[in-house]
Protein chains: 2
Amino acid sequence: MPEQRTKNGKLDTAIRLKTGLIEVAGGSILADLVLKNARYVNVFTGELLQGDIAVFEGYIAGMGIYSGKREIDMNGKILCPGFIDAHIHLESSMVSPWEFARIVLSHGTTAVVTDPHEIANVMGTQGIDYMLQATEGLPVDVFFTVPSCVPASSFDESGASLDYSAIEPYMENPRVVGLAEMMDYPGVVNGSRDALAKLTVSEVYCKQADGHAPGLKEKNLCAYAAAGIYSDHECSSLKEAVDKLRCGQYIMIREGTAARNLVALHALLSMPSYTRCMFCTDDKHPSDLLEKGHMDYICREAVRMGEDPIHAIQAATLHAAQYFGLRNRGAIAPGYIADFAVLEDLKEFQVSAVYKKGRLVWREEREAEFPLPKIDKELQRAAENTFNLPFLQPEKLQVHRAGVIGMVTGEIVTENRGFAEEIDLEKDILKIAVVERHKNTGHVGVGYLQGYGLRQGAVATSIAHDSHNIIAVGTNDRDIAYAVNRVAENKGGVVVACGETIAAELILEVAGLMSGAPLAEVNAKLEEAKRAAHQLGVKDGIDPFMTLSFMSLPVIPEIRITTHGVVDVAKQSLL
Amino acid sequence: MPEQRTKNGKLDTAIRLKTGLIEVAGGSILADLVLKNARYVNVFTGELLQGDIAVFEGYIAGMGIYSGKREIDMNGKILCPGFIDAHIHLESSMVSPWEFARIVLSHGTTAVVTDPHEIANVMGTQGIDYMLQATEGLPVDVFFTVPSCVPASSFDESGASLDYSAIEPYMENPRVVGLAEMMDYPGVVNGSRDALAKLTVSEVYCKQADGHAPGLKEKNLCAYAAAGIYSDHECSSLKEAVDKLRCGQYIMIREGTAARNLVALHALLSMPSYTRCMFCTDDKHPSDLLEKGHMDYICREAVRMGEDPIHAIQAATLHAAQYFGLRNRGAIAPGYIADFAVLEDLKEFQVSAVYKKGRLVWREEREAEFPLPKIDKELQRAAENTFNLPFLQPEKLQVHRAGVIGMVTGEIVTENRGFAEEIDLEKDILKIAVVERHKNTGHVGVGYLQGYGLRQGAVATSIAHDSHNIIAVGTNDRDIAYAVNRVAENKGGVVVACGETIAAELILEVAGLMSGAPLAEVNAKLEEAKRAAHQLGVKDGIDPFMTLSFMSLPVIPEIRITTHGVVDVAKQSLL
């Protein structure tokens, strides 16, 4: 609503801020804060410069020689713009956005672009609303892309289905910067009206449209780009990335928990088109966040691989801001938001302090307090009550003959291993089930899984891509049913059960995806559950829950399990 | 009005186009046009690639191997995106936008960003409306920045005064891409509410704000940038440009008629920040357009100076599009507009053909026909009747003592040469006058001019920056009055008179700035008038009209002539 904002008060507010910035920049009034003697990264020119940085009301007024009401000597430490994660699903952290922000802030991140795709599959637009409220006013600015593929496939029984008209209202939100990854690339390439309508809506509001098209090339890539899709974060080779750059796509170099492409793609940072490359994580699980960090980790790794640290910082700051049209962000320059990561050096990227809008929010293990976002009670209640399914009787899991999904260690692709008629621990053939949990349909899809390794008991989780029904695997129907019912009773999370008792569990009460507990606690419970699963036999090298969570995603070859049974992905039909 | 555009018909139109592009890109239907065997410049990766370019309904569907209903063999010629002039005042060409487009099209230009500052000083918002209508549907896409400084100075008696509320409605126009050059840099640096309101309005509509701040540096530069001004086209040294880049400004490297900075700035194209640099002309007079060309000329010169031709092309295409947020423009990529300049090589930049939205519009001296824009009759009548002043009696020019403006050959700055009491041809002291012509005030400012060289007669022109009153210089009051009255009678243009007869004249009947005649004709008349002026004594090395037109611009040192008399620019007061 630009009209409203340029009238009366709002215009005055903007002019007042500009006036103050000009006065501070010109030296006629004192800055609120001056970071003295900083070495700072100029991401426009690619230089490391020296000077004072003057801040007024959260914005940078100038660089040069300045005095302020408060002055902090930077002692030659390196100031760089706050980091920006160009694409993440915040739900993957399994904690609240507030908690996520607290953690990544200490790694120098001051803005992220999240795609609330997971929660939208559970709660539809309510899920998007929930995440918007849960991220309002955080010390990390959270921008949104609106999920484009809910559900991910027509085989999915998700909690909601969002067409273009459901998406359009969000495009007016100033925190929404685009349409989220268009995973339905077969749909786009085949001219799906729904996909094209979503892309059109995004264009009309001058927002970006993110891509997701692993391996797409030549004519199909042209078709996908011609539809108006401007980025990709699924490249797994340099050649693929260059092909996409040539087609006008920006490349998000992804280095997250489930997928890591930095080794394959870091050389992009040495190419002339590096200005069209940025960093993202896509997903970050608790242990990964705690042990490695966030964008600081990607910069460190890129430098370790031989890339120019300034180019890495540009990819972690300005380039993402430019791609999404986020003005006055991602750089240290007059009029820009005063978000800084203070680095010890440009090699280890050790973050020693972080400023958000000119406020010191983190410094050497100590963080500033910041309030919890206000979430509507009704929305909170809805988010904590997303399980709607009948009690599962073990008899529902009986099946005579079903497909065998073959796990491939270290991959999320699967193999079609034919059919089985019963659990066979000698052959490592376990029963796998997906239990519909959104709409009380009572649908239960049953099949077999080979390669997981479980010797006794069962494992169940409500993180099951992308519809987030309950997925469970086990050595017997009673334990499977027990684990599923326990997840439902907990209103979400992970359960490891054996002999109808709980071996370990993690409760994820928000939409079955996130916990309200601190990250360290969530991580401890998750690690304990992983250990319990491995003790029951799950193979080394397999993440018992993450790997399982992908077995239900019917868009990755070869076969998957859905609430309807085992699906051939290529044929998009039941086995 | 995004809401309206995503409903019903408009959504369908967009989807239909996307569907067609996808089908052509994927190869399932034939392209409208395929440019076969092209070498083409990929401005994203900086490569010269080889392939077929498939076009559908004016947009590029794909690059690769394609077949089309029409196929044209490019025989190895080089395809580059149509050129974009990032900043020009179209009025400077002295011809209609239609005629301007016809000419620059033959030089490979397919889009320009114009600031209708000259006509707005004459006609206010009607002038902007006129230019919008006069550029609608041309084969060169004309985007607008809205004039920020009408009048240029409070000393100016212009035809209109535009505050922020006059500007705001234009920001909704999709062809408006920003606020035009904020020449009032002293105002910005001193926190002028009017300037800041205009910048705020532009920001609210997510448009750019162009700068104009010659020589501004250090704290004042920070203040100017902090106000939200994102570009500059006034840099005259590499250091100045780098300082501005560091402050986050994009640099427009200007090479036009009145001001030329390529020699000083071309080295920017070899710096890491070249992606933030683009080309512009600012103004292009008839002879310059005819003899040198347009953006092709700047590219050629940049290469001659040793710069990488690909970098020059990027500055002439993609970088301007990106700066102004013009999506799908300035590159050869799927979904992009099919605007191409066909080049013989990357050295001479000889343009042999031009495609606009996939249509061959120019080829080796032959151009396609295109219709004249429709301009409201009332607006046309208003534009051709902008002279509102009383008949000038020679007696009005009598003055006893007035300041002497000293011309500096080859510069537009002037010197304060004290006072004179009468015309003195021995000392080359002529009389100079500015006659108010917008509001019938009868104001006539009179002073003296030294260094122009006229020996007899008088010269008058209605191009007189920035208010475009009638400026005249002469050896006697009768010839001055005669020339001024003749300009008024002609409703604009240039007159050279001697002994109360006309030696030569050019009629510029549109707002006193432009002619409806073809460029060649306008140029011939203008050159004839120049010759006549030189025959009457105007010094070699002085453009009799262009130089004169700057004598009334009271924002360039040291002294100038206004309708009130001679002004000291630094003091902003009458002498």
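Note that residues are indexed from 1 along each chain, following the sequence as it is written. Labels are handed out in written order, letters beginning with A for the chains and numbers beginning with 1 for the ligands. Residues qualify for local features only when their pLDDT is at least 70, as the model is predicted, and side-chain atom pairs are given and counted only at 80 or more; totals for whole chains, interfaces and linings, by contrast, use all residues. Water and hydrogen atoms were dropped before computing side-chain values, which therefore reflect all heavy atoms in the structure.

The next point concerns the overall build of chain A. When you go through chain A residue by residue, the secondary structure sums to 19 helices and 28 strands. Computation of the radius of gyration draws on C-alpha atoms alone. For the globule rule, the value is 2.2 Å times the number of residues to the power 0.38. Whereas a compact globule of 575 residues would reach a radius of gyration of roughly 25 Å, chain A reaches 24 Å, a difference of no more than 12%. Overall, the C-alpha framework of chain A stretches about 80 × 50 × 50 Å when taken along its three principal axes. A total of 575 residues make up chain A; the buried ones form 66% of that total. In chain A, the share of contacts with a sequence separation of at least 24, taken over all contacts with a separation of at least 6, comes to 68%. Numbering goes from the N terminus for both helices and strands, where a helix is a DSSP run of H or I of at least four residues and a strand is a run of E of at least two. For every residue, the accessible area obtained with a 1.4 Å probe (protein chains only) is divided by the maximum for its type, and the residue is called buried under 20%, exposed over 50%, and partly exposed between those limits. The contact rule is simple, with two residues in contact once any of their heavy atoms fall within 4.5 Å.

With 69 residues of chain B in contact, the opposing surface of chain A contributes 68 residues. Together, the buried faces of chain B and chain A total about 5600 Å²; carbon and sulfur atoms form 58% of this surface. The term buried area denotes the loss of accessible surface (1.4 Å probe radius) that occurs when two parts are joined, taken as the sum for both partners. Contact with chain A buries surface across chain B, with Lys18, Arg246 and Arg327 of chain B losing the most and accounting together for 13% of the total. In the sections that follow, a salt bridge refers to a side-chain nitrogen of Lys or Arg positioned within 4 Å of a carboxyl oxygen of Asp or Glu. The tally of links from chain B across to chain A stands at six salt bridges.

The next thing to look at is the environment of alanine 223 of chain A. Structurally, alanine 223 of chain A can be placed in helix H9 (residues 218-226). Owing to a relative accessible area of 0%, alanine 223 of chain A belongs among the buried residues under this scheme. When near neighbours in sequence (up to four residues on either side) are disregarded, alanine 223 of chain A contacts Ile22, Ala25 and Gly26 of chain B.

According to the stated counting rule, one finds 66 salt bridges over all chains in the structure shown. With its nearest N and O atoms 3.9 Å apart, the salt bridge here joins arginine 246 of chain A to aspartate 243 of chain A. One end of the pair, arginine 246 of chain A, and the other, aspartate 243 of chain A, are both in helix H10 (residues 238-246), three residues apart, so they sit about a helical turn from each other. By relative accessible area, which is 24% here, arginine 246 of chain A ends up partly exposed. For aspartate 243 of chain A, a relative accessible area of 19% corresponds to the buried category. A salt bridge links arginine 486 of chain B to glutamate 489 of chain B, with the nearest nitrogen and oxygen atoms 3.5 Å apart. Note that arginine 486 of chain B and glutamate 489 of chain B are positioned in helix H17 (residues 477-489) at a spacing of three residues, about one turn of the helix. Owing to a relative accessible area of 56%, glutamate 489 of chain B belongs among the exposed residues under this scheme. Ionic contacts of the salt-bridge type, sharing partners, join the residues Glu47 of chain A together with Lys239, Asp243 and Arg246 of chain B into one network.

Looking now at the relation of the copies chain B and chain A. Put simply, the two copies of the chain differ by a rotation about an axis and a shift along that axis. We place the copies in one frame by least squares, fitting the C-alpha atoms of every residue whose pLDDT is at least 70 in both. Note on the copies: chain B fits chain A at an RMSD of 0.1 Å, the axial shift is 0.0 Å, and the rotation between them is 180 degrees. Such a combination of turn and shift is consistent with a two-fold rotation axis. Comparing interface residues between copies, 99% of those in chain B also lie at the interface in chain A; the contact surface is shared.

Below, the discussion takes up the sheet that holds strand S27 (residues 565-568) of chain A. All names here are of chain A. Spatial ordering of the open sheet is given by S26-S27-S28, a layout of three strands whose pairing is antiparallel. In this open sheet, the two strands that pair with only one neighbour each are strand S26 (559-562) and strand S28 (573-574). Strand pairing is assigned whenever DSSP identifies at least 2 bridges connecting the two strands. The pairing of S26 with S27 spans four bridges and is antiparallel. Bridge pairing in S27 places isoleucine 561 opposite valine 566.

Cavity and pocket criteria rest on a 1 Å grid covering protein atoms alone: a 1.4 Å probe that fits but cannot get out defines a cavity, protein on both sides within 12 Å along at least 5 of 7 lines defines an open pocket, and an atom within 4 Å of a point defines a lining residue. Grid points are joined across faces, edges and corners, and a volume is the space filled by probe spheres set on the points. Taken as a whole, this structure holds four cavities of 30 Å³ or more when the rule is applied. Size it by volume and the largest cavity reaches roughly 70 Å³. Lining the largest cavity are 13 residues, and of these Asp156, Val434, Ser467, Asn469 and Ser552 of chain A sit closest to its centre. By residue class, the composition of the lining of the largest cavity is four nonpolar, seven polar and two charged. Approximately 60 Å³ is the volume found for the second largest cavity. Along the walls of the second largest cavity sit 13 residues, with Asp156, Val434, Ser467, Asn469 and Ser552 of chain B positioned nearest its centre. Across the lining of the second largest cavity, the residue classes tally to four nonpolar, seven polar and two charged. Ten residues, namely Ala, Val, Leu, Ile, Met, Phe, Trp, Tyr, Cys and Pro, are considered nonpolar, four, namely Asp, Glu, Lys and Arg, are considered charged, and the remaining ones, Gly among them, are considered polar.

What follows deals with the packing of helix H13 (residues 295-304) of chain A against helix H14 (residues 309-316) of chain A. All names here are of chain A. The convention used is that axes are lines fitted to C-alpha atoms, helices contributing only their stretch in contact, and that angles between N-to-C directions extend from 0 to 180 degrees. At a closest axis distance of 9 Å, the pairing of H13 and H14 adopts a crossing angle of 150 degrees. The orientation of H13 relative to H14 falls into the category roughly antiparallel. Helix-helix and strand crossings are classified by hand; for H13 and H14 the assignment is right-handed. For the pair H13 and H14, the contacting residues are Cys299, Ala302 and Val303 in the first and Pro309, Ala312, Ile313 and Ala316 in the second. In terms of residue class, the contact of H13 with H14 is made up of seven nonpolar, no polar and no charged. Any angle that is under 35 degrees is reported as roughly parallel, and any over 145 degrees as roughly antiparallel; angles of 65 to 115 degrees are reported as roughly perpendicular and all others as oblique. Crossings are assigned a handedness: left-handed for a near helix turned anticlockwise from the far helix by less than a right angle, right-handed for a clockwise turn.

Backbone phi values are negative for most residues with the exception of glycine, while trans is the configuration of most peptide bonds. Note that the residue after proline 557 of chain A, namely glutamate 558 of chain A, is joined by a cis bond; omega there is -5 degrees. By the element assignment, glutamate 558 of chain A lies in the loop between helix H19 (546-550) and S26. Between histidine 465 of chain B and aspartate 466 of chain B the backbone carries a cis peptide bond, its omega angle lying at -15 degrees. Mapped onto the secondary structure, aspartate 466 of chain B falls in the loop between strand S22 (458-461) and strand S23 (470-474). Even without being glycine, glutamate 218 of chain A reaches a positive phi, approximately 50 degrees. With respect to the helices and strands, the residue glutamate 218 of chain A is situated in helix H9. For glutamate 218 of chain A, a relative accessible area of 60% puts it in the exposed group. A positive phi angle, near 55 degrees, is found at asparagine 440 of chain A, a position not held by glycine. With respect to the helices and strands, the residue asparagine 440 of chain A is situated in the loop between strand S20 (429-435) and strand S21 (444-450).

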